[in-house]
Amino acid sequence: MLLDTASLYFRAYFGVPESVKAPDGTPVNAVRGLLDFIGRLVQDHRPDDLVACMDADWRPQWRVELIPSYKAHRVAEERAAGPDVEETPDTLAPQVPIIEAALDAFGIARVGVAGYEADDVIGTLTARATGPVDIVTGDRDLYQLVDDGRQRRVLYPLKGVGTLQVADGEWLRAKYGVDGPGYADLALLRGDPSDGLPGVPGIGEKTAAKLLEAYGDLAGIVAAAADPKSKLTPTQRRRLEEARPYLAVAPKVVRVARDVPLPDFDPALPAEPAEPELLDALARRWGLGGAVARLRTALLA
């Protein structure tokens, strides 16, 4: 089980009231919500391995160089060296180090790699895995990793973190008309304002799905645009031709990396906390006794 940690703690932050605070008044709603969500996942799914995948770089320069608008609207502060600062709610940012400390004290593997997003860590771990993989994320981009043949599916939170949509190949085809690899092509054709991806003007989700059904994949669509005998409408042909520079670079931006140089780590689900005294101290300091106890119980079950 691979967690897209940032997307889940954002969900927890907006799903749990900010009135949930530590004894010193610091909001800990995201921390408590995430720990409870992980406890629920462990209880319901009992994974052999659990990895909290982290955004060591939420907006990698190699993606920005290809598409400068990539996540540009979410930059709070540009930095000459290292990742730019992402726009984050004032009361969420201070909770991230607490989340990291709690995961480490529990002994839940936490993996991030400089120059890569959590999506890329997830893509690489999914490619390496020899057994079934569940990817837990609030980001539809990772639908591209769904693969029924290799037992790869996405668990997508619908309401807060309590209800999950199980996204497998059958569900993807019914919802979007594409399979996992096809979803990446659909996403880059359609565009995604939340990630600063322009897409191809005039080609929305339904048109993109129809084009993929007719021509197989992005390469087939680009070839059809260059073929005067293809059945594309004149407007579609013109728009695809005009978007050719974007279509040449977008696949590398939209598709997750599968060759990230990962550090050595133990992904095994811990049966008990790695550092129980530190965990108890964190629980006392931040008022997390209930959430810590619930996750502890889930791990021991």
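Coordinates for the structure precede this section.
Treat the numbers as computed from the prediction; the structure is a model and nothing was measured.

### What to know about the sheet that holds strand E1 (residues 2-4)
Consideration 1: Spatially, the six strands line up as an open sheet ordered E5-E2-E1-E6-E7-E8, and their pairing is mixed. If you trace the sheet from one side to the other, it starts and ends with strand E5 (109-111) and strand E8 (163-167), each paired once. Strand-to-strand twist across the sheet, computed as the mean angle between neighbouring axes with direction ignored, equals 25 degrees.

### Some words on the packing of aromatic side chains
Consideration 1: Applying the stated criterion to the full structure yields nine aromatic pairs.
Consideration 2: Geometrically, the ring pair formed by Tyr-143 and Tyr-156 is tilted, given 6.0 Å between the ring centres and 50 degrees between the ring planes. Residue Tyr-143 is located in the loop between strand E6 (133-136) and strand E7 (152-159), and its partner Tyr-156 is located in strand E7; the two are separated by 13 residues in the primary sequence. For the pair shown, Tyr-143 and Tyr-156 are each scored as buried.
Consideration 3: Centroid distance Tyr-143 to Trp-171: 5.6 Å. Interplanar angle 70 degrees. Geometry classified as edge-to-face. Highlighted residues: Tyr-143 in the loop between E6 and E7 and Trp-171 in helix H6 (residues 169-176), separated in sequence by 28 residues.
Consideration 4: An aromatic cluster of three or more residues is present, and its members are Tyr-143, Tyr-156, Trp-171, Tyr-176 and Tyr-183.
Consideration 5: It is Arg-11 that lies over the ring of Tyr-156; its NZ or CZ is 5.2 Å from the centre.

### Section: the side chain of Asp-192
Consideration 1: Position of Asp-192 among the secondary structure elements: in the loop between helix H7 (180-190) and helix H8 (205-215).
Consideration 2: Buried Asp-192, no salt bridge; nearest opposite-charge side chain is Arg-190, N-O distance 4.9 Å.
Consideration 3: For Asp-192, the residues in contact, after removing those within four places along its chain, are Asp-141 and Leu-197.

### Regarding the pattern of salt bridges
Consideration 1: On inspection of all chains with the given rule, the structure shows 17 salt bridges.
Consideration 2: Taking the shortest distance from any N to any O, the salt bridge between Lys-71 and Glu-117 comes out at 2.7 Å. Here the residue Lys-71 occupies a position in the loop between helix H3 (61-66) and strand E3 (75-77), and Glu-117 occupies one in the loop between E5 and helix H5 (118-128), the gap between them amounting to 46 residues. The same class applies to Lys-71 as to Glu-117, namely buried.
Consideration 3: Linking Asp-185 and Arg-255 is a salt bridge whose minimum nitrogen-to-oxygen distance equals 2.6 Å. On the criterion of sequence distance, the pair formed by Asp-185 in helix H7 and Arg-255 in the loop between helix H11 (244-254) and helix H12 (276-286) is long-range, its members being 70 residues apart.
Consideration 4: Judged by its relative accessible area of 4%, Asp-185 is buried.
Consideration 5: Residue class for Arg-255 comes out partly exposed when judged on its relative accessible area of 35%.
Consideration 6: Several salt bridges converge on common partners, so that one network encompasses Arg-63, Lys-71, Glu-117 and Asp-120.

### Side note on the environment of Gly-191
Consideration 1: Within the secondary structure, Gly-191 is located in the loop between H7 and H8.
Consideration 2: Measuring from C-alpha to C-alpha, the distance between Gly-191 and Ala-208 comes to 10 Å, with 17 residues separating the pair along the chain.
Consideration 3: Sequence-distant contacts of Gly-191, that is, excluding residues within four places in its chain, are made with Leu-197, Pro-198 and Gly-199.

### Overview of the packing of helix H1 (residues 5-15) against helix H2 (residues 29-45)
Consideration 1: Contact geometry for H1 and H2: axes closest at 8 Å, N-to-C directions at 115 degrees. The handedness of the crossing between H1 and H2 comes out as right-handed. Counting all contacts with H1, which are made through Thr-5, Leu-8, Tyr-9, Ala-12 and Tyr-13, the residues of H2 involved are Asn-29, Ala-30, Gly-33, Leu-34 and Phe-37.
Consideration 2: Classifying every residue of the contact of H1 with H2 by side-chain character gives seven nonpolar, three polar and no charged.

Calculation criteria
- Residues numbered from 1 in each chain as written.
- Predicted model: local features only at pLDDT ≥ 70, side-chain atom pairs only at ≥ 80, totals over all residues.
- Heavy atoms only, no water.
- Pairing = 2+ DSSP bridges.
- Helix = DSSP H or I, 4+ residues; strand = E, 2+ residues; numbered from the N terminus.
- Axes fitted to C-alpha atoms, helices over the stretch in contact; angles between N-to-C directions.
- Phe/Tyr/Trp six-rings, centres within 6.5 Å; stacked < 30°, edge-to-face > 60°.
- Buried < 20%, exposed > 50% of the residue type's maximum accessible area, 1.4 Å probe, protein only.
- Lys NZ or Arg CZ within 6 Å of the ring centre and 35° of its normal.
- Lys, Arg positive; Asp, Glu negative; His and termini not counted.
- Salt bridge = Lys/Arg side-chain N within 4 Å of Asp/Glu carboxyl O.
- Contact = heavy atoms within 4.5 Å.
- Left-handed = near helix turned anticlockwise from the far one by under 90°.
- Nonpolar A, V, L, I, M, F, W, Y, C, P; charged D, E, K, R; others polar.

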